[in-house]
Amino acid sequence: MSDWLRRSAELMCKSTTDETVYSTCFAGKGDLTYLQWLFQAWGWTLLVALVALAIALVIGTVIGVMRTLPNKGVAFFGEAWTELFRNIPIVVQLLIWYNVIPELFTPLKAVPPIVLAFVGLGLFTSARIAQQVKSGINTIPQGQRYAGLAMGLTLAQTYRYVLLPVALRVVLPTLTSESMNIIKNSSVAAAIGVTEMYYFATQAGEETSMHATMYLGVTILYFISAFTINRLAAGVEKRTRLPGAIGGAK
Amino acid sequence: MALNLDYSFLTADVIKSNIVPGFEYALQLTLVSAVGGIALGTLVALMRLSSSVALRRFATVYVDALRSIPLLMVILWFFLLIPSGFYAAIAGDFGVNHRPEFSAVITFTIFEAAYYSEIMRAGIQSVSRGQVQAGYAVGMTYSQCMRLVVLPQAFRNMLPVLLTQTIVLFQDTSLVYAIGAYDLLKGFQTAGSIYNRTNEMVLLAAVVYFILSFGLSMLVRRLQKKIQIIR
């Protein structure tokens, strides 16, 4: 075991191109150690997750609101969107973005796969966020909507000043778990050639035949990412919590 | 611009030899790991709610650890760590020849148990305390009280959520590409690459997954309405 640890540590500090082992674990210009490669892959993982999360939050909120609007057509569009992106596995969705969509819109062929991963993962997650936003809005008593409209607010104003300030704060805790999910789901982006951490784990494992070492490095970084997001979201949640709700500020 | 989809190659023979085996495996994987996962998950939930600190800690670590790693990594880990002798022991040569398929079943059972256990924990906590006290008052032991009073109610209250999680599990079976197990998606991809019709097969895979998942979630919704009336 201790021998394995020693060999693993040495491997992480070794160059990916030749047999040089760097004492600092960081190679200079023009070379890369496995540890550096792992950190780069971590960067791609975080980039995919964060951009996709931003897309998912914006679109998910819009779709969630649409599903609660009185207009039947708009509400149906929102429902259809949610069901479409929720009921197809993420890897299949990414393969469609990668293989099929660029055939339809040829300019997309020039777009790097990571952009398709942003969009694919973002829309996949938007359906889940729309679900949370919808149920958040539906937990507010109907009377509040009627009160807003009766006071002469337009429908848009009622959402802006009455419903959404409460609903979005109600759904924040569930968004924590969605942010953690998006980090985990970004591992599927390797299927369309994004060089994130899952890609690193398989590729570096293959190259060095030290699979467990590479898996361990990646797993630890996934833990750290998930934990950090969890803490960050808990902080946001605490600051925006509704006064008077269970566990809320007094 | 246009896709020029051509499904003419897709004869009954092609479906039977490429897609059906994948579909069967995806179903087996879903069913076995759902049943195993719910059983193991219930056990973990009971540990998490037990009065023993050690059991509670073990269950918390089990659930939190598995829930913060991507399923793809868990699949890789189990495939790496389970020795091939294990497959020979449970299924002989068949096990050795179908190593990815067996590995995925074990992985999914243990992985999904973490998710099912959270559902069962919520279910157990939804049963009112008076029920447990009544059980003890008529002289039941802990295990009798759990088996005969609490778990049946917890299970029924959580049935829709357990089934929804099982639909998620079914979609997750598509991730066994990590170790090359032959599942539904692989079936479509194999047919697609033999006849050079990748786009057609990816789209068809999406349609099939959608119909199955959406159909099942409709059934779950109806069941939910029914249960609500009983309560």
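Residues numbered from 1 in each chain as written. Chains lettered and ligands numbered in written order. Predicted model: local features only at pLDDT ≥ 70, side-chain atom pairs only at ≥ 80, totals over all residues. Heavy atoms only, no water.

**A look at the overall build of chain B**
For clarity, the cut-off: Strands here mean DSSP runs of E at least two residues long; helices mean DSSP runs of H or I at least four residues long; both are numbered from the N terminus. Whether two residues are in contact is decided by their heavy atoms: any pair within 4.5 Å suffices. Methods summary: accessible areas were calculated by the Shrake-Rupley approach with a probe of 1.4 Å, and residue burial reflects only the protein chains presented.
Across its full length, chain B carries 9 helices and 0 strands. Secondary structure elements of chain B, listed N to C terminal, follow the sequence α-α-α-α-α-α-α-α-α. Projected onto its principal axes, the C-alpha positions of chain B cover 70 × 45 × 30 Å. Sequence-distant contacts in chain B: of pairs separated by 6 or more residues, those separated by 24 or more amount to 77%. Summed over its atoms, the accessible surface of chain B is roughly 11,600 Å², and 65% of this surface lies on carbon and sulfur atoms.

**Remarks on the overall build of chain A**
Short version of the rule: Atoms counted for the radius of gyration: C-alpha only. Globule rule: 2.2 Å times the number of residues to the power 0.38. When a residue's accessible area, from a 1.4 Å probe over protein chains only, is under 20% of the maximum for its type it is buried; when over 50% it is exposed; and in between it is partly exposed. Positive charges come from Lys and Arg, negative ones from Asp and Glu, while His and the chain ends are left out of the count. For this purpose, a charge sits on NZ of Lys, CZ of Arg, CG of Asp or CD of Glu.
Looking only at helices and strands, chain A features 9 helices and 0 strands. N-terminal to C-terminal, the α/β element order of chain A is α-α-α-α-α-α-α-α-α. Relative to its length of 250 residues, chain A is extended, with a C-alpha radius of gyration of 23 Å against a globular reference of 18 Å. Seen along its three principal axes, the alpha-carbon backbone of chain A occupies a region of about 75 × 50 × 30 Å. Residues counted as buried form 47% of the 250 residues belonging to chain A. Of the contacts formed within chain A by residues at least 6 apart in sequence, a portion of 65% connects residues at least 24 apart. Placing the 19 positive and 13 negative side-chain charges of chain A at their respective mean positions leaves the two points 20 Å apart.

**Side note on the side chain of A:Arg67**
With respect to the helices, strands and loops of the structure, A:Arg67 is situated in the loop between helix 2 (34–66) and helix 3 (72–86). For A:Arg67, the contacting residues outside a window of four places in its chain are A:Ala75, A:Gly78, A:Glu79, A:Thr82, A:Ala130, A:Gln131 and A:Lys134.

**Observations concerning the interface of chain A and chain B**
Our working definition: Here the buried area means the combined drop in accessible surface, using a 1.4 Å probe, for two parts upon being joined, counting both sides. Throughout this description, the term salt bridge denotes a Lys or Arg side-chain nitrogen within 4 Å of a carboxyl oxygen of Asp or Glu. Counting of polar contacts relies on pairs of N or O atoms within 3.5 Å, with two restrictions inside protein: one atom must be capable of donating a hydrogen and the other of accepting it, and residues adjacent in sequence are counted only when both atoms are side-chain atoms.
At the junction of the two partners, chain A supplies 31 residues and chain B supplies 33 residues. Between chain A and chain B, the buried area comes to about 3,000 Å², and carbon and sulfur atoms account for 72% of it. At the boundary of chain A and chain B, one finds 1 salt bridge. The salt bridge involving B:Arg221 is made with A:Glu83; its shortest N-O contact spans 2.9 Å. Our enumeration of links across chain A and chain B arrives at 5 residue pairs in polar contact (both at pLDDT 80 or more).

**Quick notes on the packing of aromatic side chains**
The test is simple: Two aromatic rings from Phe, Tyr or Trp, using only the six-membered ring of Trp, form a pair when their centres are within 6.5 Å; if the ring planes differ by under 30 degrees the pair is stacked, by over 60 it is edge-to-face, and anything between is tilted.
Inspection of the entire model under this criterion finds 14 aromatic pairs over all chains. Judged by centre distance (6.4 Å) and plane angle (15°), the ring pair of A:Phe26 and A:Phe39 falls under stacked. With a gap of 13 residues between them, A:Phe26 in the loop between helix 1 (2–12) and helix 2 and A:Phe39 in helix 2 connect regions that are remote in the sequence. For A:Phe39, a relative accessible area of 34% translates into the label partly exposed. Note on B:Phe111 and B:Tyr115: the rings are 5.3 Å apart at their centroids and 45° apart in plane angle, and the pair reads as tilted. Remark: B:Tyr115 and B:Phe111 occur in helix 5 (residues 99–126); sequence separation between them is 4 residues, near one turn of the helix. Note on accessibility: B:Phe111 and B:Tyr115 belong to one class, buried. Here the aromatic residues A:Phe26, A:Phe39 and A:Trp42 are joined through ring pairs into a cluster of three or more.

**Focus on the pattern of salt bridges**
Where charged atoms of side chains with opposite charge meet at close range, the side chains can pair. Counted by the stated rule, this structure contains 13 salt bridges over all chains. Across the pair B:Arg48 and B:Glu118 runs a salt bridge, and its minimum N-O distance is 2.8 Å. One end of the pair, B:Arg48, is in helix 1 (residues 12–48); the other, B:Glu118, is in helix 5, and 70 residues separate them in sequence. Like B:Glu118, B:Arg48 is buried. Of the charged contacts, one joins B:Glu118 and B:Arg121 as a salt bridge, the two residues approaching to 3.2 Å between their closest N and O atoms. Pair noted here: B:Glu118 and B:Arg121 are both in helix 5, with a separation of 3 residues, about one helical turn. Since its relative accessible area comes to 18%, B:Glu118 is described here as buried. B:Arg121 sits in the partly exposed class, given a relative accessible area of 22%. When salt bridges with common partners are traced through the structure, they connect A:Asp3, A:Arg6, A:Arg7 and A:Glu10 into a single cluster.

**Re the confidence of the model for chain B**
Going by this rule: The predictor attaches a confidence to each residue, and that confidence, scored 0 to 100, is pLDDT.
Scored by pLDDT, chain B has a mean of 93; 98% of the residues are at 70 or more. Two numbers describe this predicted complex: its pTM, 0.91, and its ipTM, 0.92.

**Details of the side chain of A:Glu196**
Residue position: A:Glu196 is located in the loop between helix 7 (155–185) and helix 8 (197–208). Engagement of the side chain of A:Glu196 in a polar contact is seen with the backbone nitrogen of A:Tyr199, the distance being 3.1 Å.

**With respect to the nonpolar core**
Most often, soluble globular proteins keep nonpolar side chains buried together rather than apart. To be explicit about the condition: Here, the term nonpolar core denotes a set of buried Ala, Val, Leu, Ile, Met, Phe, Trp, Tyr and Cys residues that are joined through side-chain atoms within 4.5 Å.
In terms of nonpolar packing, the biggest core is built from 116 residues, with A:Tyr34, A:Val92, A:Tyr198, A:Phe200, A:Val218, B:Met73 and B:Phe108 touching the most fellow members. With 14 residues, the next largest nonpolar core counts A:Ile129, A:Tyr159, A:Ala167 and A:Leu172 among its residues.

**Notes on the packing of helix 3 (residues 71–81) of chain B against helix 5 of chain B**
All names here are of chain B. Convention followed: Helix axes are fitted to C-alpha atoms over the stretch in contact, other axes to C-alpha atoms as well, and angles between N-to-C directions run from 0 to 180 degrees. The labels follow the angle: roughly parallel below 35 degrees, roughly antiparallel above 145, roughly perpendicular from 65 to 115, and oblique for the rest. In a left-handed crossing the near helix is turned counterclockwise from the far helix by less than a right angle, and in a right-handed crossing that turn is clockwise. When residues are grouped by polarity, Ala, Val, Leu, Ile, Met, Phe, Trp, Tyr, Cys and Pro land in nonpolar, Asp, Glu, Lys and Arg in charged, and all others, Gly among them, in polar.
Running from N to C, helix 3 and helix 5 cross one another at 125°; their axes reach a closest spacing of 9 Å. Compared by their axis directions, helix 3 and helix 5 come out oblique. Two packed elements cross with a definite hand, and for helix 3 against helix 5 that hand is right-handed. Two secondary-structure elements touch here, helix 3 through Leu71, Val74, Ile75, Phe78 and Phe79 and helix 5 through Arg99, Pro100, Ser103, Ile106, Thr107, Phe108, Ile110 and Phe111. Taken together, the residues of the contact of helix 3 with helix 5 sort by class into 10 nonpolar, 2 polar and 1 charged.

**Looking at the environment of B:Thr190**
Residues and elements named next belong to chain B. Note that Thr190 resides in helix 8 (residues 184–194). Expressed as a C-alpha distance, the spacing of Thr190 and Met201, which sit 11 residues apart in the sequence, is 9.0 Å. Beyond its immediate sequence surroundings of up to four residues, Thr190 is in contact with Asn18 and Tyr182.

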